Amino acid sequence: MIEAFVPEELVSRLLAGRQNKAVFIAAGLGLIFPVCECAIVPVVRRLLHKGVPLSAAIAFLLGGPIVNPIVAGSTWLAYRSDWSFLGVRMICGYTIAVAVAFMMNFLFRKGTILLDEASSGSSSACDCDAHEHDVSGNGKMSRCFAAFQHACDDFFDVGRFLVIGAFIAALARTTIGVDALRDLFASPWLAIIMMMGLAIALNLCSETDAFIAAGFRGVLPDTAQMAFMVLGPMLDMKLLLMYLTMFRKRVIVVLAFLTFIAVLLSMIFLQYGLGGLPGGR
Amino acid sequence: MDGNRNKISFYRVLQSIVVLAWIAFFWFLFQRIWGAPLLGKFLRPDYWWLVGIGTAILVFFLISIDCRDPGNRGRRGVSLLVQMGIMILPLLYLPTAAVSQLSPEAIKKRSFYVAQAGQINNDASRTGMSESITIEGKREREPKLPENPSLLRLVLDPDPYEGRRVTTMGIAYWDKELKLPENTFFCYQLAMYCCAADARPMGVLVEYDKSKALKKGDWVTVEGTVGFTTFEDQRVTKITAEKVSPTEPPENPYLLP
């Protein structure tokens, strides 16, 4: 729909001279367009090719799967109306998305971050040549038709990585004993790191991961559960594979590293600086 | 030129086959296998509309592939075959998935939840059991509690059943690693919040002198009296069983909180 209905000129006009402001808006855009981390990758691909600044796209990519009403609802239910978990998850998700987006913007320029076929002058995000890309002058029906053609291409381009990621997730779910790991979490910082590792390995959907994290309530520090819920939607095995359809490999490495460190430092600060989640029961 | 046209056709034919296979897969999910909709094995049955929307979108994909400009080319060669192969791979799992269930060993990898006393009243309210709870949180005994409560009800709101005789059903499980008390097994069902990936075992402890004689993973009916005990420093629900008998699995084996 973005490819077929949103003119590049409109995006350019809206964002002209407002790059920093766009980052702050994009990180919270999930409130209006609630999508989980799997669905957000093709959306971000399209946005990038419509001229959305790199920093804003990264902010939406990282913040969108957390700062959205569905995730907020599932977190609220899983933690039985505990507002501290909901609030901290939303705030951390938003803040980390903004911070990493600015850092990525500082380190890279758009031309060096995207794959060649993705960063070409074409208005399309695909390299297929299998359908008509310029539909700006056509009628609504033609645009709808073009939207489905683009969506179909995304289904095939991103879907293969989603399938591989789902396979890894299934493997992890049946081989990693979550309960058995509890005895290893001797100290809060170790628990935080282990839960971050678990988030990457389990590849859970951001809309349901709170129910898994809540299972550790009373067993692990709140900050370790929060680390699981904040990092998972931003970085896991399946997402890393899906990023391959969009970013260069070194960019993925830097993005993963920055995200991991940002989440780790945030949780360490919450645990040792504030003594746990603010307002936690 | 002709060769190029053949490649184009091959690309479109392969895409069409994959999309058609996915449409057939989604359609198959709506079918009943041995009395239960297959959909329920993967997703909450009340999320059927998601599969419906997915099917409709795939039909539009199929039409869009069919109407493509034949003069354009798509992905080719090994890359094309690998892409299509990966996309078709999950569908090959369907025949196995239709008849299989998670083994006790796979269940063990998921986090067990043992019902606790007076903990989850908010969940209870979501499942239509709020009539027994006042605004102040003070419990008023229901005049008539079901004698055969579902395991979900016992898990979410066990307090009203304290001291009562009940009959419920679930899967029997015991293991040294669980460190259960002597002569006790865990009677559980998988609770599904969204899809099978997030399902986790939820249940109650059952004190039964022949616990070790039960086969792990078998469905059982438990008749006994509800009480509470301390397990891993928490006050959890326990049924002191008078009778435990094997039973057939229910139509939908999942608990749906």
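Residues numbered from 1 in each chain as written. Chains lettered and ligands numbered in written order. Predicted model: local features only at pLDDT ≥ 70, side-chain atom pairs only at ≥ 80, totals over all residues. Heavy atoms only, no water.

(A) Structural detail: the overall build of chain B. A count of helical and extended segments in chain B gives seven helices and nine strands. When burial is assessed residue by residue, chain B has 47% of its 257 residues classed as buried. Across chain B, the fraction of contacts at a sequence separation of at least 24, relative to all contacts at a separation of at least 6, is 67%. (Helix = DSSP H or I, 4+ residues; strand = E, 2+ residues; numbered from the N terminus. Buried < 20%, exposed > 50% of the residue type's maximum accessible area, 1.4 Å probe, protein only. Contact = heavy atoms within 4.5 Å.)

(B) Region of the structure containing the overall build of chain A. Looking only at helices and strands, chain A has 15 helices and zero strands in total. Taking all 281 residues of chain A together, the buried fraction comes to 56%. Within chain A, counting contacts between residues at least 6 apart in sequence, those at least 24 apart form 82% of the total. In the form shown here, chain A has an accessible surface area of approximately 11200 Å², with 69% of it arising from carbon and sulfur atoms. (Areas by Shrake-Rupley, 256 points an atom, 1.4 Å probe, with all protein chains shown as cover.)

(C) Structural view of the packing of aromatic side chains. With the rule as written, the count across this model stands at 14 aromatic pairs over all chains. With 4.6 Å between their ring centres and 25° between their planes, Phe 148 of chain A and Phe 60 of chain B make a pair best called stacked. Of this pair, Phe 148 of chain A sits in helix 9 (residues 140-175) while Phe 60 of chain B sits in helix 2 (residues 48-66), which puts the two residues in different chains. Ring pairs connect the aromatic residues Phe 148, Phe 155 and Phe 156 of chain A together with Trp 22, Phe 25, Phe 26, Phe 60 and Phe 61 of chain B, which therefore count as one cluster. Note that Lys 212 of chain B overlies the ring of Trp 174 of chain B, its terminal NZ or CZ placed 5.5 Å from the centroid. (Phe/Tyr/Trp six-rings, centres within 6.5 Å; stacked < 30°, edge-to-face > 60°. Lys NZ or Arg CZ within 6 Å of the ring centre and 35° of its normal.)

(D) Spatial organisation of the pattern of salt bridges. Residue and element names in this part refer to chain A. Following the criterion strictly, the structure yields nine salt bridges over all chains and no others. Measuring nitrogen to oxygen at the nearest pair gives 2.9 Å for the salt bridge that ties Asp 209 to Arg 89. Taken together, the residues span a long stretch of sequence, with Asp 209 in helix 12 (residues 209-214) and Arg 89 in helix 7 (residues 83-107) at a distance of 120 residues. Each member of the pair, Asp 209 as well as Arg 89, is classed as buried. Between Lys 238 and Asp 236 there is a salt bridge whose closest N-O contact spans 3.7 Å. (Salt bridge = Lys/Arg side-chain N within 4 Å of Asp/Glu carboxyl O.)

(E) Looking closely at the packing of helix 11 (residues 188-202) of chain A against helix 13 (residues 222-231) of chain A. All names here are of chain A. In the contact formed by helix 11 and helix 13, the axes pass within 8 Å of each other and the chain directions differ by 30°. As summarised for this structure, helix 11 and helix 13 are arranged roughly parallel, according to the angle between their axes. Read as a crossing pair, helix 11 and helix 13 show a hand that is right-handed. Residues Ala 191, Ile 192, Met 195, Met 196, Leu 198, Ala 199, Ile 200 and Leu 202 of helix 11 pack against Thr 223, Ala 224, Gln 225, Ala 227, Phe 228 and Leu 231 of helix 13. (Axes fitted to C-alpha atoms, helices over the stretch in contact; angles between N-to-C directions. Parallel < 35°, antiparallel > 145°, perpendicular 65-115°, else oblique. Left-handed = near helix turned anticlockwise from the far one by under 90°.)

(F) Highlighting helix 3 (residues 77-92) of chain B. In a regular helix each residue adds 1.5 Å, so 16 residues correspond to 22 Å; helix 3 of chain B covers 23 Å between its end C-alpha atoms and thus fits that length. Among all positions in helix 3 of chain B, only Leu 80, Gln 83, Met 84, Ile 86, Met 87 and Leu 91 of chain B are buried. (Expected span 1.5 Å × (residues − 1).)

(G) Molecular detail of the environment of Phe 60 of chain B. The class of Phe 60 of chain B is partly exposed, set by a relative accessible area of 41%. The spacing of Phe 60 of chain B and Val 19 of chain B is 41 residues in sequence and 9.9 Å in space, taken between C-alpha atoms.

(H) Examining the nonpolar core more closely. Counting 113 residues, the largest nonpolar core has Phe 228, Tyr 243 and Phe 247 of chain A together with Phe 185 of chain B as the members making the most contacts within it. The dominant element in this core, judged by the number of residues it contributes, is helix 7 of chain A, at eleven residues. Once residues within four sequence positions are removed from consideration, Phe 228 of chain A is found in contact with Met 195, Leu 198, Ala 199, Leu 202, Leu 204, Asp 209, Ile 212, Ala 213 and Pro 233 of chain A. In this structure, Leu 29, Val 51, Leu 58 and Ala 98 of chain B belong to the second largest nonpolar core, which totals 26 residues. (Core = buried A, V, L, I, M, F, W, Y, C linked by side-chain atoms within 4.5 Å.)

(I) Here's a closer look at the side chain of Lys 238 of chain B. Residues and elements named next belong to chain B. Here Lys 238 lies in strand 8 (residues 234-246). On the accessibility criterion, Lys 238 (17% relative accessible area) is buried. Within polar-contact distance, the side chain of Lys 238 engages the side chain of Glu 207 at 2.7 Å. In this structure Lys 238 touches Leu 205, Glu 207, Thr 225, Val 226, Gly 227, Phe 228 and Thr 229, once residues within four positions along its chain are discounted. (Polar contact = N/O pair within 3.5 Å; in protein donor to acceptor, adjacent residues only side chain to side chain.)

(J) Main features of helix 3 (residues 19-27) of chain A. Here helix 3 of chain A has its buried residues at Ala 22, Val 23, Ala 26 and Ala 27 of chain A. The arc that holds every buried residue of helix 3 of chain A, seen down its axis, measures 125°, which confines them to one face. (Arc of directions from axis to C-beta.)

(K) Layout of the environment of Gly 197 of chain A. All names here are of chain A. Residue position: Gly 197 is located in helix 11. Look at Gly 197 and you get partly exposed, because its relative accessible area is 35%. Taking the C-alpha atoms as reference points, Gly 197 and Ala 227, 30 residues apart in sequence, are found 9.6 Å from one another.

(L) Fine view of the packing of helix 7 of chain A against helix 15 (residues 249-273) of chain A. All names here are of chain A. At a closest axis distance of 10 Å, the pairing of helix 7 and helix 15 adopts a crossing angle of 140°. In terms of orientation, helix 7 and helix 15 fall into the oblique class. Crossing geometry of helix 7 relative to helix 15 is assigned as right-handed. Here Val 88, Cys 92, Ile 96, Val 100, Met 103, Met 104 and Leu 107 of helix 7 lie close against helix 15, whose contacting residues are Val 251, Val 254, Leu 255, Leu 258, Thr 259, Ala 262, Val 263, Ser 266, Met 267 and Leu 270. Along the lines of polarity and charge, the residues of the contact of helix 7 with helix 15 split into 15 nonpolar, two polar and no charged. (Nonpolar A, V, L, I, M, F, W, Y, C, P; charged D, E, K, R; others polar.)

(M) Spotlight on the environment of Ala 256 of chain A. Residues and elements named next belong to chain A. One can find Ala 256 in helix 15. Its relative accessible area of 17% is what places Ala 256 among the buried residues. Considering only alpha carbons, one finds Ala 256 and Leu 240, 16 residues apart in sequence, at a separation of 8.1 Å. Leave out the neighbours within four places in its chain, and Ala 256 touches Leu 235 and Leu 240.

(N) Main features of the side chain of Ser 84 of chain A. Residue and element names in this part refer to chain A. Assignment of secondary structure puts Ser 84 in helix 7. The exposure class of Ser 84 is buried, given its relative accessible area of 8%. Within polar-contact distance, the side chain of Ser 84 engages the side chain of Asp 82 at 2.7 Å.

So, to be careful, I would describe these as geometric facts and stop short of saying anything about function.
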